[in-house]
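Architecture at a glance
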Amino acid sequence: MDDIIQWLTGGKDYAQGVAILGRYAKNAALVRHFQCTTAKFAATKLEYELRKLLKGKAITSQPVRGTAQTVITTPKPMQPTAVPDTIAQAKNELYELFTAISTAHRKLYELGEGNSEDVTAQRRRILQDRLPLIRRYEKLYLLKERYFDTGEVPAELVQMIAEKVTEPPAPAIKESPCEFEKLSDIELMRKEHAIKVAINKTRNRLQYQALKKLDTPNPMPESPLRSKLEAKLADLRQQYSAVVKIIEARK
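No experiment lies behind these values; they were computed from the predicted model shown. Residue positions are given per chain, counted from 1 along the sequence in the order it is written. Reporting of local features is limited, given that this is a predicted model, to residues whose pLDDT is at least 70; pairs of side-chain atoms are given and counted only at 80 or more, and all residues count toward the totals for whole chains, interfaces and linings. Note that water and hydrogens are dropped before the side-chain values are worked out from all heavy atoms of the structure.

With respect to the overall build of the chain
- Helical segments are the DSSP runs of H or I of at least four residues, strand segments are the runs of E of at least two, and each set is numbered from the N terminus. When helices and strands are tallied, the chain shows ten helices and two strands.
- Partly exposed residues are those whose accessible area sits between 20% and 50% of the maximum for their type, while under 20% is buried and over 50% is exposed, using a 1.4 Å probe and protein chains only. Within the chain, buried positions represent 31% of all 251 residues.
- When checking whether two residues touch, look at their non-hydrogen atoms; a contact exists if any pair is within 4.5 Å. Counted over contacts in the chain with a minimum sequence separation of 6, partners at least 24 positions apart contribute 58%.
- Working definition of accessibility: Shrake-Rupley area with a 1.4 Å probe, residue cover restricted to the visible protein chains. If you sum the accessible surface of the chain, you get close to 16,900 Å²; carbon and sulfur atoms cover 54% of it.

Set out below in structure tokens:
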């Protein structure tokens, strides 16, 4: 991975860094995230992801016979420490923001490159909704990383999390059974599958704090996020029951 080392010790051109990440990263969604984001919002995280690919090896420059030579050293493993609640909440929100931004990218891709009035309006609306998500993600990410650099939780991060907790929840957009009735048989089967996947992911986040089922349960502690996920899970189960009922009635 000499190209990563050269990039990290060179000018760190954003487009070149994204191209390098695309050669090594297994997460295609992560690569698309950087491709659809500008250096202003994602340069710091891009560098972080490229450093991760070096598998924990640190890059330093040491003088060798009067010249600077880049060498790779392996840092001593850090002892695990308890993560403050604020940092845990920040990680959860970063996950939610990343998911929302990825969803926006997917919607833009699905719109295609048409220039009709309707498509243009939809594209503009998605871009407008995506921008504040990207800005908050980048700010939250940098503050969270500052904790791991200094060992102290930034006051600004505490304030951001507190404001997020106290702000009124956005009204949930629920699909009523009558809306499901309008779907074709194929669309209904796709809807059933999508809801089932969402139920499993939400349940795993509550039980394991992960998208996949793990060997050992790690329940999410009581928090505004847990309450939000529990409400979401209940709504998803209601939607699933409604969809299954319609499918059975059409047989």
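There's plenty left to go through after this.
Quick look at the confidence of the model for the chain
- Every residue gets a pLDDT, meaning the predictor's confidence in that residue, from 0 to 100. Per-residue pLDDT for the chain averages 80, and the proportion of residues at 70 or more is 83%.
- For the chain, the element scoring lowest by mean pLDDT is strand β1 (residues 58-64), at 49; helix α2 (residues 14-24) scores highest, at 89.
- For residues 168-174, every residue scores under 50 in pLDDT, and the model assigns this stretch one contact once sequence neighbours within four places are set aside.

Some words on the pattern of salt bridges
- For this analysis, a salt bridge means a side-chain nitrogen from Lys or Arg found within 4 Å of a carboxyl oxygen belonging to Asp or Glu. Applying the stated rule across the entire model yields 14 salt bridges.
- Of the charged contacts in the structure, one is a salt bridge between Glu 156 and Lys 139, with a shortest N-O distance of 2.9 Å. Placement of the pair is Glu 156 in helix α7 (residues 155-166) and Lys 139 in helix α6 (residues 117-150), with a sequence separation of 17 residues.
- Judged by relative accessible area, which is 36%, Glu 156 ranks as partly exposed.
- Accessibility expressed as a relative area gives 41% for Lys 139, which makes it partly exposed.
- The residue Asp 185 makes a salt bridge to Arg 250 at a minimum N-O spacing of 2.8 Å. With a gap of 65 residues between them, Asp 185 in helix α9 (residues 185-208) and Arg 250 in helix α10 (residues 224-250) connect regions that are remote in the sequence.
- For Arg 250, a relative accessible area of 33% corresponds to the partly exposed category.
- Via salt bridges that share partners, Lys 12, Glu 47 and Arg 51 belong to a single interconnected network.

Let's talk about the environment of Arg 226
- Here Arg 226 is to be found in helix α10.
- Among the residues examined, Arg 226 registers a relative accessible area of 15% and is labelled buried.
- A sequence separation of 20 residues divides Arg 226 from Leu 206, and the C-alpha atoms of the two residues are 6.8 Å apart.
- Those residues in contact with Arg 226 that sit more than four places away from it in its chain are Leu 206, Met 220 and Pro 221.

Focus on the side chain of Asp 3
- Looking at the secondary structure, you find Asp 3 in helix α1 (residues 2-9).
- Of the polar contacts made by the side chain of Asp 3, one reaches the side chain of Arg 23; its length is 3.0 Å.
- Among all residues touching Asp 3, those that are not within four sequence positions of it are Ile 20, Arg 23 and Tyr 24. Polar contacts here mean pairs of N or O atoms no more than 3.5 Å apart (in protein, one a potential hydrogen donor and the other a potential acceptor; neighbouring residues in sequence count only if both atoms are side-chain atoms).

Re the nonpolar core
- Counting 32 residues, the largest nonpolar core has Phe 34, Leu 46, Leu 50 and Leu 140 as its most contacted members.
- The set of elements that each furnish at least two residues to this core consists of α1, α2, α3 (28-35), α4 (39-52), α5 (85-111), α6 and α7.
- By nonpolar core we mean a set of buried residues, namely Ala, Val, Leu, Ile, Met, Phe, Trp, Tyr and Cys, connected to one another through side-chain atoms within 4.5 Å. Ranked by size, the runner-up nonpolar core spans 15 residues in total, among them Met 220, Leu 229, Val 243 and Ile 246.

Digging into the packing of aromatic side chains
- Paired rings are identified among Phe, Tyr and Trp, the last through its six-membered ring, by centres lying within 6.5 Å, and are further divided according to the angle between planes into stacked (under 30 degrees), edge-to-face (over 60) and tilted (the rest). Under the definition given, this model contains four aromatic pairs.
- Aromatic pair Tyr 48 and Tyr 141: ring centres 5.7 Å apart, planes at 65 degrees, arrangement edge-to-face. Taken together, the positions of Tyr 48 in helix α4 and Tyr 141 in helix α6 put the pair 93 residues apart, joining distant regions of the chain.
- On the accessibility criterion, Tyr 48 (31% relative accessible area) is partly exposed.
- Seen in terms of ring centroids, Tyr 147 and Phe 148 are 5.0 Å apart; in terms of plane orientation they differ by 70 degrees. Their pairing is edge-to-face.

Let's talk about the side chain of Arg 226
- Polar side-chain contacts of Arg 226 include one of 3.3 Å to the backbone oxygen of Leu 206.
- Reaching out from Arg 226, the side chain makes a polar contact with the backbone oxygen of Met 220 at a distance of 2.8 Å.

Let's talk about unusual backbone geometry
- Positioned with a positive phi, Lys 12 is a non-glycine residue whose angle comes to about 55 degrees.
- Take Lys 12: it is sitting in the loop between α1 and α2.
- The class for Lys 12 is partly exposed, based on a relative accessible area of 33%.
- A positive phi angle, close to 55 degrees, is found at Gln 209, a residue other than glycine.
- Of note, Gln 209 is situated in the loop between α9 and α10.
- Using a relative accessible area of 36% as the deciding quantity, one classes Gln 209 as partly exposed.

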